[in-house]
Amino acid sequence: SVLLYQKPNRDICQSGTSLKIQCVADSQVVSMFWYQQFQEQSLMLMATANEGSEATYESGFTKDKFPISRPNLTFSTLTVNNARPGDSSIYFCSSQFQDTQYFGPGTRLLVL
Amino acid sequence: GQQVQQSPASLVLQEGENAELQCNFSTSLNSMQWFYQRPGGSLVSLFYNPSGTKQSGRLTSTTVIKERRSSLHISSSQTTDSGTYLCAMDTGNYKYVFGAGTRLKVIA
């Protein structure tokens, strides 16, 4: 299995600011994924991050708004630029190990 | 695009009752997983089940590929089973599309 840690657990920020969410794996993983979940809704895949290459974004998510870095095989950072109240949600990182997708505990973001 | 439909949307059980959760996929299935999301938010994989039947304790998952559906059976429910059950389809390279979930509440 793989354990994923996220920091911070939760954050409150003002509109227009930027914030970073970190994801750390306890072992090397090829791909890290970032998901967004609004209250009482399902998870939506935002992007896939592989080491040494630019993240690939799903429809509705852009590099300018949600830049992602993947400097090595155990670490990834998601940035939320120019945060808006509509970005208030839970952000999860995840990774696949053998047949199972593992998730970090999530970062709850509230944008005022 | 690819869609995943889950039913029912919510369910309330008396402790000890059984439940059957359904998941239907709009396209042919590569692989899928069932997840449990705790009230606090974290997710844990229950089953990787691309086809056939798998059992773990009181949980049984059955996936029928040609019918593009999967089910999760919970037997003898307990209050600790309360939470949200999500199914997700692998669209390729471990990119998952999730259903909206079934919110289960088990009361004593």
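Residues numbered from 1 in each chain as written. Chains lettered and ligands numbered in written order. Predicted model: local features only at pLDDT ≥ 70, side-chain atom pairs only at ≥ 80, totals over all residues. Heavy atoms only, no water.

Asker: Tell me about the side chain of B:S82, and name the residues and values.
Answerer: Residues and elements named next belong to chain B. Along the chain, S82 turns up in the loop between β8 (69-74) and β9 (83-90). Of note is the side chain of S82, whose polar atom sits 2.9 Å from the backbone nitrogen of V106. The residues contacting S82, other than those within four sequence positions of it, are Y36, P39, L104, K105 and V106. (Helix = DSSP H or I, 4+ residues; strand = E, 2+ residues; numbered from the N terminus. Polar contact = N/O pair within 3.5 Å; in protein donor to acceptor, adjacent residues only side chain to side chain. Contact = heavy atoms within 4.5 Å.)

Asker: Please set out the state of the cysteines residue by residue, giving values where relevant.
Answerer: With the rule as written, the count across this model stands at 2 disulfides over all chains. Between the sulfur atoms of B:C23 and its disulfide mate B:C87 the distance is 1.9 Å. An S-S torsion of about 80 degrees defines the bridge between B:C23 and B:C87 as right-handed. With a gap of 64 residues between them, B:C23 in strand β3 (residues 19-25) and B:C87 in strand β9 connect regions that are remote in the sequence. On the basis of relative accessibility, which here comes to 0%, the residue B:C23 falls in the buried class. The exposure class of B:C87 is buried, given its relative accessible area of 0%. With no disulfide of its own, A:C13 has A:C93 as its nearest cysteine by sulfur position, at a separation of 19 Å. Of the residues examined, A:C13 reaches a relative accessible area of 9% and is grouped as buried. (Disulfide = S-S within 2.5 Å. Buried < 20%, exposed > 50% of the residue type's maximum accessible area, 1.4 Å probe, protein only.)

Asker: I'd like a rundown of the pattern of salt bridges, residues and numbers included.
Answerer: Per the stated rule, a full pass over the model turns up 6 salt bridges over all chains. Two residues, A:D87 and A:K65, come together in a salt bridge whose shortest N-O distance is 2.7 Å. Placement of the pair is A:D87 in the loop between β8 (75-80) and β9 (89-97) and A:K65 in the loop between β6 (56-57) and β7 (68-72), with a sequence separation of 22 residues. Like A:D87, the residue A:K65 is buried in the burial classification. Residue B:R58 pairs with B:D81 through a salt bridge whose shortest N-O separation is 2.8 Å. With B:R58 in the loop between β6 (52-56) and β7 (59-64) and B:D81 in the loop between β8 and β9, this residue pair connects regions lying 23 residues apart in the sequence. (Salt bridge = Lys/Arg side-chain N within 4 Å of Asp/Glu carboxyl O.)

Asker: Tell me what's going on with the interface of chain A and chain B, and back it up with residues and numbers.
Answerer: In this assembly, 19 residues from chain A lie in contact with 19 residues from chain B. When chain A packs against chain B, close to 1,500 Å² is buried across both sides, 53% of that on carbon and sulfur atoms. Contact with chain B buries area across many residues of chain A, yet A:S42, A:D99 and A:F103 alone supply 26% of it, more than any other trio. Inspection of the region where chain A meets chain B yields 2 salt bridges. Residues A:E58 and B:K95 are paired through a salt bridge, measuring 3.5 Å at the closest nitrogen-oxygen approach. At the level of elements, β4 (31-37), β5 (43-50), β9 and β10 (100-103) of chain A are the ones that each hand at least two residues to the side of chain A that touches chain B. Residue classes in the side of chain A that touches chain B are distributed as 7 nonpolar, 8 polar and 4 charged. (Buried area = accessible area lost by both parts, 1.4 Å probe. Nonpolar A, V, L, I, M, F, W, Y, C, P; charged D, E, K, R; others polar.)

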